[in-house]
Amino acid sequence: MNVDRPAARPFTYVAIGVLGLAAAAAVLLQPDAARTQTTAGDWEPPLTAHGHPDLQGNWTNQTLTPFERPEGQGPVLSPDEVAAVEGGQAQTVAERTAPVDPDRPLPPGGEHRVCIDGATTCYDEFYREPGERVAIVNGEPRSSLVTDPPDGRVPDLTPEARRRLEAAAEFRGRFGQYDHPELRPLAERCIVSFGSSAGPPMLPNYWYNNSYTIAQNEDFIVIMAEMVHDARIIPIRDPREQLESRPEPEHVTPWFGSSVGWWEDGTLVVETTNLNPEHAFRGVPPSKDRKVVERFTRVDEETVLYEFTIDDPAVYTSPWGGQVPFKRFDHLLYEYACHEGNYAMFNVLSGARYQERMGGNP
């Protein structure tokens, strides 16, 4: 989490091996990128020493725009709608970050005005940074990040996907939720990001730590997601060699899949397959045939337009995708050392064992 920010900034709720580590080190040691000349109305992206658009730096995809479009809403927000979303949330944040009496009783969970996430924890809004503005793409304030299909909604699941979800729920129903660590969510176990921060696709979590550091050289792109400190190391290949140059065989399924990238007319294109079947996206696991295509385009000095398409015919009735602006993030990023502070895992499992010893049912 970024800690270099004002106290009342308005927010809103809405297996790397030695080769991979060497690649990351090589990227981070690259010389400063060469800069191109730009003029108003004829902006050109800065280029690296290897002649590719420079995507390096810190970026954030935090936004007030929801993932899917609300029913009855058009794709573009009116000025009044933008003002209502941004202004209304700013007022909410002001209320939830106002000073409180240090001698007050213990806050009663979600009933207290500064508590936002249930009855057992109490995050003041100051500790979150899900975003201040709606997403702007091509000058349009968007009402959803999903743009394809045109209704801004994720397509229906296939009958096969529904059967798989039912079978998984039936299997998990045989166990108590605290029987062993493998039954806890991946993010709670500090394995992958909360939500889909690291992806693919890489999406805002509407909570905090929606920031990324990108580094690149001629042969690799490294994308480090702040949330859970996930890193994707993506080799750059000639597009004609993509099918022959996958970094892992098909039976190896990394958490973030097997990715390869190439450049198309100033856009970085990344194709990912071999996604881990346990790495569910919005609660739905991928099939073995899922393909995610991501596109990264510098559109101005402060923005990378991120576009994604998910093609998984065994899970969704049609391919679908969306657009998310990544804005320059002019703050330092600090390591999110998830495991070092993950006392909850030990505590919940220990509590469950205590209940069992006492004859209870956790």
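Residues numbered from 1 in each chain as written. Predicted model: local features only at pLDDT ≥ 70, side-chain atom pairs only at ≥ 80, totals over all residues. Heavy atoms only, no water.

> Just checking my understanding: could you explain the overall build of the protein for this structure?
For the protein, the helix and strand inventory stands at four helices and twelve strands. Going through the 362 residues of the protein one by one, you find that 43% of them count as buried. (Helix = DSSP H or I, 4+ residues; strand = E, 2+ residues; numbered from the N terminus. Buried < 20%, exposed > 50% of the residue type's maximum accessible area, 1.4 Å probe, protein only.)

> Quick question: what am I supposed to make of the side chain of Ser-143 here?
As for its position among the elements, Ser-143 is in the loop between β3 (140-141) and β4 (146-148). Using a relative accessible area of 3% as the deciding quantity, one classes Ser-143 as buried. Leaving out residues up to four positions away in the same chain, Ser-143 has contacts with Thr-65, Pro-66, Glu-68, Arg-69, Pro-70, Gln-73, Gly-74, Pro-75, Val-76 and Leu-77. (Contact = heavy atoms within 4.5 Å.)

> Would you mind showing me how to read the pattern of salt bridges here?
When their charged atoms lie close together, side chains carrying opposite charge are able to pair. Going through the model one piece at a time under the given rule, you end up with 13 salt bridges. Of the charged contacts, one joins Glu-301 and Arg-298 as a salt bridge, the two residues approaching to 3.8 Å between their closest N and O atoms. For Arg-298, a relative accessible area of 5% translates into the label buried. Three or more residues joined by partner-sharing salt bridges are found here, namely Glu-68, Glu-71, Arg-153 and Arg-282. (Salt bridge = Lys/Arg side-chain N within 4 Å of Asp/Glu carboxyl O.)

> What am I meant to see in the state of the cysteines here?
Under the counting rule described, the total for this entry stands at one disulfide. At a sulfur-sulfur separation of 2.0 Å, the disulfide partner of Cys-190 is Cys-338. One disulfide, between Cys-190 and Cys-338, carries an S-S torsion of -70° and so falls in the left-handed class. Highlighted residues: Cys-190 in the loop between α3 (159-172) and β5 (211-216) and Cys-338 in the loop between β12 (320-328) and α4 (343-357), separated in sequence by 148 residues. (Disulfide = S-S within 2.5 Å.)

> Can you help me understand the nonpolar core in this one?
A general tendency of soluble globular proteins is for nonpolar side chains to be buried together. If you look at the biggest cluster of nonpolar residues, it comprises 39 residues, and the most contacted ones within it are Phe-67 and Phe-296. Contributions of two or more residues to this core are made by β5, β6 (220-225), β9 (267-273), β10 (291-300), β11 (303-311) and β12. Among the elements that make up this core, the one with the highest residue count is β11 (four residues). Leave out the neighbours within four places in its chain, and Phe-67 touches Ser-144, Leu-145, Val-146, Gly-152, Val-154, Leu-203, Tyr-206, Phe-281, Arg-282, Phe-308 and Trp-320. Ranked by size, the runner-up nonpolar core spans seven residues in total, among them Cys-190, Tyr-208, Val-228 and Tyr-336. (Core = buried A, V, L, I, M, F, W, Y, C linked by side-chain atoms within 4.5 Å.)

> Any chance you could explain the packing of aromatic side chains here in plain terms?
The geometry of an aromatic ring pair is captured by two quantities: the separation of the ring centres and the angle between the planes. Scanning all chains against the criterion turns up eleven aromatic pairs. Ring geometry for Phe-171 against Phe-175: centres 5.4 Å apart, planes inclined by 65°, an arrangement best described as edge-to-face. With relative accessibility at 41%, the residue Phe-171 sits in the partly exposed group. In this structure Phe-175 comes out as partly exposed when scored by relative accessible area, which is 34%. Put simply, the rings of Phe-67, Tyr-212, Phe-281, Phe-296, Tyr-306, Phe-308, Tyr-316, Trp-320 and Phe-326 pair up and form one aromatic cluster. (Phe/Tyr/Trp six-rings, centres within 6.5 Å; stacked < 30°, edge-to-face > 60°.)

> Is there a simple way to think about the side chain of Thr-272 in this case?
Looking at the secondary structure, you find Thr-272 in strand β9. Only 2.6 Å separates the side chain of Thr-272 from the side chain of Ser-259, close enough to count as a polar contact. Those residues in contact with Thr-272 that lie beyond four places of it in its chain are Pro-200, Arg-232, Phe-256, Gly-257, Ser-258, Ser-259, Arg-290, Lys-291, Val-292 and Glu-294. (Polar contact = N/O pair within 3.5 Å; in protein donor to acceptor, adjacent residues only side chain to side chain.)

> I tried to follow the environment of Ala-352 on my own but got confused; where do I start?
Position of Ala-352 relative to the elements: it lies in helix α4. Along the sequence, Ala-352 and Gln-177 sit 175 residues apart, while their C-alpha atoms lie 9.4 Å from each other.

> Where do I start with the pairing of strand β1 (residues 57-60) in this structure?
The side chains of a regular strand alternate, first on one face of the sheet and then on the other. As paired elements, β1 and β5 share four bridges and run antiparallel to each other. Paired with Asn-58 across the two strands is Thr-213, which belongs to β5. Sheet topology note: the β1/β12 ladder contains two bridges and is antiparallel. Paired with Trp-59 across the strands is Arg-328, a residue of β12. (Pairing = 2+ DSSP bridges.)

> Can you walk me through the confidence of the model for the protein in this structure?
As a general rule, the predicted coordinates of low-pLDDT regions are not to be interpreted in detail. Predicted confidence across the protein gives a mean pLDDT of 83, with 80% of residues reaching 70 or more. Here residues 1-40 is modelled with pLDDT under 50, and outside its nearest four sequence neighbours on either side it reaches 90 contacts, counting other chains as well. (pLDDT = per-residue confidence, 0-100.)

> Explanation requested: helix α2 (residues 79-96) in the structure shown.
Side chains three or four residues apart in an α-helix point the same way, a direct result of the helix having 3.6 residues per turn. Given a rise of 1.5 Å per residue, 18 residues ought to cover 26 Å, and the 26 Å separating the end C-alpha atoms of α2 matches this to within 8%. Among all positions of α2, only Val-82, Glu-86, Gln-89 and Val-93 are buried. Around the axis of α2, the buried residues are gathered within 70° of arc, so they sit on the same side. For α2, the exposed residues lying more than 90 degrees away from the buried face are Asp-80, Ala-84 and Gln-91. Elements in contact with the buried residues of α2: β3. (Expected span 1.5 Å × (residues − 1). Arc of directions from axis to C-beta.)

> Before we go on, may I ask you to explain unusual backbone geometry in this structure?
Where the residue is not glycine, phi is negative for most of them; where a peptide bond is considered, it is trans in most cases. Omega for the peptide link from Asp-148 to Pro-149 comes to 15°, which places this bond in the cis form. Assignment of secondary structure puts Pro-149 in the loop between β4 and α3. For the peptide bond that leads from Gly-199 to Pro-200, omega is -5°, which places it in the cis range. Mapped onto the elements, Pro-200 comes out in the loop between α3 and β5. In the Ramachandran plot, Tyr-206 falls in the positive-phi region, its phi being about 60° despite a non-glycine side chain.

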